[in-house]
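Examination of the molecular architecture
Listed below are the residues making up each chain.
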There are 2 protein chains.
Amino acid sequence: MRMQPRRRVSIRDIADAAGVSLTTVSHALNGKGRVQPETRARIFALAAELGYSANPHAQRLATGRHMMLAVQISGFGGKALATDSAYFVDVLNSVSAAALDHGYTAVLAAPDMRPRDIDAFAVDGAIVVDPTGEEPLLTTLAQRGAPVVTTGRVLGAGQTSGWVDNDLRKAATRVLDHFGDAGYERPAILTGPLTRSYAADTVETYERWARERGIEPISVAVRSGMSAAAAMRAAEALLSRRDRPDAVYAMLDVLALATAHVARRRGLSVPGDLGIAAAFDSEVLRWADPPLTAFDLHPARIGREAVALLTAVLADPTRAGRSVTVPAKLISRASTARSG
Amino acid sequence: MRMQPRRRVSIRDIADAAGVSLTTVSHALNGKGRVQPETRARIFALAAELGYSANPHAQRLATGRHMMLAVQISGFGGKALATDSAYFVDVLNSVSAAALDHGYTAVLAAPDMRPRDIDAFAVDGAIVVDPTGEEPLLTTLAQRGAPVVTTGRVLGAGQTSGWVDNDLRKAATRVLDHFGDAGYERPAILTGPLTRSYAADTVETYERWARERGIEPISVAVRSGMSAAAAMRAAEALLSRRDRPDAVYAMLDVLALATAHVARRRGLSVPGDLGIAAAFDSEVLRWADPPLTAFDLHPARIGREAVALLTAVLADPTRAGRSVTVPAKLISRASTARSG
DNA sequence: ATGAAAGCGCTAACAT
DNA sequence: ATGTTAGCGCTTTCAT
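Here the structure is a predicted model, which means the values were calculated and not measured.

1. A look at the sheet that holds strand β12 (residues 329–331) of chain B
All names here are of chain B. Ordered by their spatial adjacency, six strands build an open sheet running β7-β6-β8-β9-β10-β12, and the pairing between neighbours is mixed. Looking at which strands have only one partner, the edges of the open sheet turn out to be β7 (219–221) and β12. Here the average twist between neighbouring strands, direction ignored, is 20°. Sheet topology places strand β6 (residues 187–191) next to β7; three bridges connect them, and they run parallel. Opposite I189, over in β7, you have S219 as the bridge partner.

2. A short note on the domain arrangement of chain A
Residue and element names in this part refer to chain A. Taken domain by domain, chain A consists of domain 1 (11–62), domain 2 (68–165 + 299–326) and domain 3 (168–296 + 330–336). Here domain 2 and domain 3 have C-alpha centroids that lie 28 Å from each other. Taken together, the contacts link 15 residues of domain 2 with 19 residues of domain 3. For the pair domain 2 and domain 3, the two sides together bury roughly 1,400 Å², of which 56% comes from carbon and sulfur. Inspection of the region where domain 2 meets domain 3 yields one salt bridge. The salt bridge partner of R153 is D201, with a shortest N-O separation of 2.3 Å. Our count for the domain 2 to domain 3 interface comes out at four residue pairs in polar contact (both at pLDDT 80 or more).

3. Concerning the protein's contact with DNA strand C
The local shell around DNA strand C holds 25 residues, among which A:S21, A:T23, A:Q36, B:I11 and B:Y52 are the closest. In this structure, A:S21 approaches DNA strand C through a main-chain N or O atom, which is 2.7 Å from a phosphate oxygen. A:Q36 has a polar backbone atom sitting 2.6 Å from a phosphate oxygen of DNA strand C. Those elements that place two or more of their residues in the surface near DNA strand C are α2 (22–29) and α4 (56–63) of chain A together with α2 (22–30) and α4 (56–63) of chain B. In terms of residues, the surface near DNA strand C owes the most to one element, α4(B), which gives four residues. Taken together, the residues of the surface near DNA strand C break down into nine nonpolar, 13 polar and three charged.

4. Notes on unusual backbone geometry
Excluding glycine, a negative phi dihedral is what most residues carry, and trans is how most peptide bonds are arranged. Residue and element names in this part refer to chain A. Cis geometry is adopted by the peptide bond preceding P290, which originates at D289 and carries an omega value of 0°. Note on placement: P290 falls in the loop between α12 (283–287) and β10 (293–296). One non-glycine residue, D130, lies in the positive phi region at around 55°. Structurally, D130 is set in the loop between β3 (125–129) and α7 (136–144).

What counts, and where the lines are drawn
Sequence order as written defines residue numbering, which begins from 1 separately in each chain. Each chain gets a letter, beginning with A, and each ligand a number, beginning with 1, in the order they are written. Side-chain atom pairs in this predicted model are given and counted only at pLDDT of 80 or more, local residue features only at pLDDT of at least 70, and totals for whole chains, interfaces and linings cover all residues. For the side-chain quantities, the full set of heavy atoms in the structure was used; hydrogens and water were omitted. By this definition, two strands are paired if DSSP reports at least two bridges between them. Each helix is a run of DSSP H or I of at least 4 residues and each strand a run of E of at least 2, with the numbering of both proceeding from the N terminus. Note on geometry: axes are lines fitted to C-alpha atoms, helical ones only across the stretch in contact, with angles between N-to-C directions running from 0 to 180 degrees. All domain edges in this entry derive from an automatic or database-based domain assignment. The contact criterion used throughout is that any non-hydrogen atoms of two residues lie within 4.5 Å. Summed over both partners, buried area is the accessible surface (1.4 Å probe) that two parts give up on being assembled. Whenever a carboxyl oxygen of Asp or Glu lies within 4 Å of a side-chain nitrogen of Lys or Arg, that contact is scored as a salt bridge. Side-chain atoms alone can form a polar contact between residues adjacent in sequence; in general such a contact is a pair of N or O atoms within 3.5 Å, and within protein one must be able to donate a hydrogen while the other accepts it. Think of it this way: one heavy atom of a residue within 4 Å of a molecule or strand is enough to make that residue near it. The classification used treats Ala, Val, Leu, Ile, Met, Phe, Trp, Tyr, Cys and Pro as nonpolar, Asp, Glu, Lys and Arg as charged, and all other residues, Gly among them, as polar.

Below, the structure is given as structure tokens:
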């Protein structure tokens, strides 16, 4: 049993053991090519044997690159979005894993972080999930010229370096068709604040869809502060109209649940009197009674793509401005299973 | 409008501007006390004016301390726990914020990370949420002597530096009393794998409680892989017994929901025929029909306490081994509102 | 193909 | 109270 070295083994130790210089070890380890194959092999063997691993801070200091990126789940009013957030945990974990794969470390940024703390993070760029565009992390980094990739787009003037998103327009069309196939004739939509691109995309698509059919669009948006009470009020407003919709596409799981709740209270059967679908799937919806139709947005894939995009821009700034679309898969459940 | 400096302003710039040495600036900024008040004031003013902020990597390299900590949400089988995870997002965000307050940066570790990636993280310690004790992050760091604080305890031989937890034993007693007050006479418990301390604590408390009353304990545990199907099977098993319980305390929200689901299918009314309570609250439970009684575990507080504990141990290793208990508050809802 | 040496920005003995 | 100086562990130009 070998003694545990008190000091971490450094590049110096390997150089000594191999009888070469620091430069050679560094080159060999970083694949700079300027090293003879056998020397390189010897160095790698030694590194493995001695249990070497580079001191990231020394590398970062020498190269001037942080090799770290921040991830932030945007919130409603500084608080984390109050809903089923398995989606967010999946995104976060996949970002962490993907970051490692690219040689980066993912640091977590709380939604209410202050701009002055950004320097302490020492990140090269950031990923912001479901941004409004107002997040201090996003604006501060953007203004410094550091790349920010978002999951969901920032509406309006784009100051980000790219985005990855599901095609929410296609999803809206898909769900409206799905409603139509099941015989629903007056679908409505229920959204959160329109500051999020998923809501804006859906509203736009829905309104065009309605216009094309000469149907009066019915939509309610919870303008700010997504709470259970606000969700209930919105659902109530929707279902108490004289031209009550016979189907509702809700942007958030809480909105879908609120709709189901209000429907039940009003004696409307789901899916008989009212069809309900949600824009993203969650455990809550699977467990509702009846289970609610929703889209699988593939959160892990979204996280991975966001990291790929960000690291690509970091490696080559000319690649900024790209986007990636991840498919959304409709999971049809009982809440829309009315025979057409 | 001043020109944006191409290079970040360093301690050197401040020293030059103030006409003092690097040491003095460093001392002043770090509050080493060895500086005249007026000099210090001048240095701070200059630092603010020039927009100085320390290069964390240089500090870390010089001090040998990473000033970073890892956070990990333990999973079931390498995947994130499939349930309402607003709880986890709250813990994560509070850990991030608290870490900053203590001068640390929180880096995110995916539950399926490989041990070899731990060096790349370069953290001084870690916080693991709901550990089994088998997490590579935990075992690897512990074996290196790096402190690990857990949220929920590791069962068995403790190799961690402290833990913060809700008092799940007290909570179990509380909910059993609550059931009793409402007139329920044969409460049962439904748990996930007993590798988590919250489950073990609850089982132990419940069994003692039953023993003391000469009641035959009724409990079902989902041994591994928490899925919707597994939860349903467990609930089914519980409610199909000839000595069917009249109340169920479920450790996870999915288990509570599954119980409500099965009850409904079997024509059992909640809370009339069956009382249901869950160990931790979530949006899902608020929206269930009827809404389910549960405990508020104060996730943000748990995250903050975990960081406080970890940084305390980091600052002074003799403080290892402490623990903090965060209260759990019973939120009584319709699912247990049977008149006793 | 390999080595010497400077430097990344900061801290911390050790002077003075 | 303030300054000098030697690192921290690595990368990288420039020699050889």
